[in-house]
Amino acid sequence: MAFDRRLLFYINWPLLGLTLLLFFCGVLNLYSASGFRLEDGMSVAPFYQKQLIWGLLGMLGMLVIMLIDYRHLRTLAWPLFWFTCITLVAVFFMGKTIYGARRWLDLGFMNFQPSEMAKICILIIGARILSKEPDRLNFIRLAYVVGIGLIPAGLVIKQPDLGSGLTILMILGGMILFHGMTGRVFKTLLITIPALLPLSWFVLHDYQKQRILTFLDPTKDPLGSGYHIIQSEIAFGSGRFWGKGFLEGTQSQLRFLPEKHTDFAIAVFGEEWGFVGTMILLGLFCVFLYQMVVIAREAKDLFGSYLAAGVFFYFFWQILINMGMVLGLMPVVGIPLPFISYGGSATLVNFCLVGLVLNVSMRKFLFKQ
């Protein structure tokens, strides 16, 4: 079958370019975050090399997803949803424990984290359900949509992985807001959710309660639970306006900053590139998100529009939460910064989701006649 050149014409090239730019910024930052100073020079761990390999695999996955018409996902939504739930259940029996948490399946050649697949799955099933809803959601329809989302979210929280579980619910919540609710439902939720939120304290694990207490006062345990956030704030502050320069960050190079290549990678960036560099990076993320809004708004079918909106909320929440926790504005919940933090499964999923949004933008012309 001949390739339709109009697919290339309608690609959102700014989104593609920004994705690659953010990824290579992340690899550059990882190179610095992987280094530590010794008496006879500097040694560099191979995190940035592994990230490059995962990035290349992610780009390949993005290309494959762009070539397959996204409308086929509507048919695959339910099988994918139940397959994801099965893999999440399998984690409890065959999962691999890393850093004290059982969240991965050992596939032999890699460790696979089903909660990352659950994030993709929830936006596809959400797009399918919401695109079939002709009206704004009433109480019954809202309960149905939220109930579907609670299945994978509950399994992920049970692992325990509270951050990923809440991300799944927030992706679905964003898509529900994008679709719309009746005024009565919206006003009820506006009152009941803040009123019931304090009750969640009684179902949290002890370490999760400790994270909230640490967020309120990190200086209470400066060498224990408050160490991460205190060192992160010192790293950001020591970068000042212009930063210390590439490979010159003392907090990271002298190993004061923990988790510097994963959840706290942006603190390394802030120390070396300062306020100006961090604002430029934040600006790139804003334009990146804006391009997804454009695609969601210009999509010619509801399913494509909801897919783009779901991917927008996936990245929006992760960027907001990661930067918030590193700056001490939110509790630490273990959410990586897309394309900047190290992580194989997350990098693969990030590229695939960008490919999904580009897929929607490429096929706008199919609905014109």
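A short tour of the structure in this document, coming up. For every chain, the first residue of the written sequence is number 1, and numbering continues from 1 onward in sequence order. Totals for whole chains, interfaces and linings use all residues, but because this is a predicted model, local features are given only for residues with pLDDT of at least 70 and pairs of side-chain atoms are given and counted only at 80 or more. Each side-chain value is worked out from all heavy atoms of the structure, with water and hydrogens disregarded.

Concerning the sheet that holds strand 4 (residues 101-106)
Overall, antiparallel pairing links the three strands, which are arranged 3-4-5 in an open sheet. Edge positions in the sheet fall to strand 3 (95-98) and strand 5 (111-112), since each has one partner strand and no second. Here the rule is simple: two strands pair whenever DSSP picks up at least two bridges between them. A run of H or I in DSSP counts as a helix once it spans at least four residues, and a run of E counts as a strand once it spans at least two, with each numbered from the N terminus. In this sheet, strand 4 lies alongside strand 3 in antiparallel orientation, the contact comprising four bridges. The residue of strand 4 that forms the bridge with Ile98 is Ala101. Lying over the sheet, helix 4 (residues 73-94) contacts strand 3 and strand 4, oriented at roughly 105° with respect to strand 4. Contacts were defined at the residue level, with two residues in contact if any of their heavy atoms lie within 4.5 Å. Fitted lines through C-alpha atoms serve as axes, helices being fitted only where they are in contact, and the angles separating the N-to-C directions of these axes extend from 0 to 180 degrees.

Regarding the pattern of salt bridges
Salt bridge, as applied in this entry: a Lys or Arg side-chain nitrogen positioned within 4 Å of an Asp or Glu carboxyl oxygen. Tallied over the entire structure, the rule returns five salt bridges. Across the pair Arg71 and Asp69 runs a salt bridge, and its minimum N-O distance is 2.5 Å. When a residue's accessible area, from a 1.4 Å probe over protein chains only, is under 20% of the maximum for its type it is buried; when over 50% it is exposed; and in between it is partly exposed. A relative accessible area of 29% means that Arg71 is categorised as partly exposed.

Brief notes about the packing of helix 6 (residues 139-158) against helix 7 (residues 162-179)
Running from N to C, helix 6 and helix 7 point in directions that differ by 165°, and their axes come no closer than 8 Å. Comparing their axes, helix 7 and helix 6 come out roughly antiparallel. Considering only the axes of helix 6 and helix 7, their crossing is right-handed. Here Leu142, Val145, Val146, Gly149, Leu150, Pro152, Ala153, Val156 and Ile157 of helix 6 come into contact with helix 7, specifically with Leu162, Ser164, Gly165, Ile168, Leu169, Leu172 and Ile176. Oblique is the label for every angle not falling under 35 degrees (roughly parallel), over 145 degrees (roughly antiparallel), or within 65 to 115 degrees (roughly perpendicular). Rotating anticlockwise by less than a right angle from the far helix to the near helix defines a left-handed crossing, while the corresponding clockwise rotation defines a right-handed one.

Some words on helix 14 (residues 344-362)
Its 19 residues give helix 14 an end-to-end C-alpha distance of 27 Å, which sits within 8% of 27 Å, the value for a rise of 1.5 Å per residue. Taking burial as the measure, the 19 residues of helix 14 include 18 buried ones, the bulk of the element. Working rule for helices: expected span equals 1.5 Å times residues minus one.

Section: the nonpolar core
We define a nonpolar core as any set of buried Ala, Val, Leu, Ile, Met, Phe, Trp, Tyr and Cys residues linked to one another through side-chain atoms lying within 4.5 Å. Phe288 and Phe315 are the most contacted members of the largest nonpolar core, which totals 90 residues. Those residues in contact with Phe288 that sit more than four places away from it in its chain are Leu15, Leu18, Thr19, Leu22, Phe315, Phe339 and Val354.

A short note on the state of the cysteines
A pair of sulfur atoms, both from cysteines and within 2.5 Å, is called a disulfide here. All chains considered together, the criterion is met by zero disulfides. The thiol of Cys85 is not disulfide-bonded; the next cysteine sulfur, from Cys121, is found 6.2 Å away. Using a relative accessible area of 7% as the deciding quantity, one classes Cys85 as buried. The thiol sulfur of Cys286 is not disulfide-bonded, and the nearest other cysteine sulfur, from Cys25, lies at 14 Å.

Focus: the side chain of Ser131
With respect to the helices and strands, the residue Ser131 is situated in helix 5 (residues 114-131). Under the relative-accessibility criterion, Ser131 is labelled buried at 14%. One polar contact links the side chain of Ser131 to the main-chain carbonyl oxygen of Ala127, over a distance of 2.8 Å. Other than its neighbours up to four places away in sequence, Ser131 contacts Leu302, Phe303 and Tyr306. Identification of polar contacts relies on pairs of N or O atoms within 3.5 Å, with a donor-acceptor requirement for protein atoms, meaning one able to donate a hydrogen and the other able to accept it, and with residues adjacent in sequence counted only if both atoms are side-chain atoms.

Some thoughts on the side chain of Asn322
Tracing the chain through its elements places Asn322 in helix 13 (residues 302-326). Those residues in contact with Asn322 that lie beyond four places of it in its chain are Asp263, Ile266, Ile335, Pro336, Leu337 and Ser341.

Quick word on helix 10 (residues 227-239)
In this model helix 10 runs 19 Å from its N-terminal to its C-terminal C-alpha over 13 residues, within 8% of the 18 Å that 1.5 Å per residue would give. If you check which residues of helix 10 are buried, you get Ile229, Ile230, Gln231, Ser232, Ala235, Phe236 and Gly239. Tucked inside the fold, the buried residues of helix 10 contact helix 11 (250-253), helix 12 (265-298) and helix 13. Arg240 sits one or two residues past helix 10 and shows a positive phi near 50°.

What about the pairing of strand 4?
Pairing geometry for strand 4 and strand 5, over two bridges, is antiparallel. Bridging across to strand 5, Leu105 finds its partner in Phe112. Between strand 4 and strand 5, which follow one another and run antiparallel, lie four residues, and Gly108 among them has a positive phi close to 95°.

Considering unusual backbone geometry
A negative phi angle characterises most non-glycine residues, just as the trans form characterises most peptide bonds. In the Ramachandran plot, Arg240 falls in the positive-phi region, its phi being about 50° despite a non-glycine side chain. By the secondary structure assignment, Arg240 is in the loop between helix 10 and helix 11. Positive phi values are uncommon outside glycine, yet Phe339 reaches one of about 70°. Among the structural elements, Phe339 can be located in the loop between helix 13 and helix 14. A residue is classified by how much of its surface remains accessible, and Phe339, at 2% relative accessible area, is buried.

Let's talk about the packing of aromatic side chains
Stacked, tilted and edge-to-face are the three classes assigned to paired rings of Phe, Tyr and Trp, where Trp is represented by its six-membered ring and a pair needs centres within 6.5 Å; plane angles under 30 degrees give stacked, over 60 edge-to-face, the rest tilted. Under the criterion given, the structure shown has 24 aromatic pairs. Between Trp78 and Trp82, the ring centres sit 6.4 Å apart and the planes meet at 20°, which makes this aromatic pair stacked. Of this pair, Trp78 and Trp82 both sit in helix 4, separated by four residues, roughly a single helical turn. Cluster of aromatic residues (ring-pair linked, three or more members): Phe23, Phe24, Phe285, Phe288, Tyr314, Phe315, Phe339 and Phe351.

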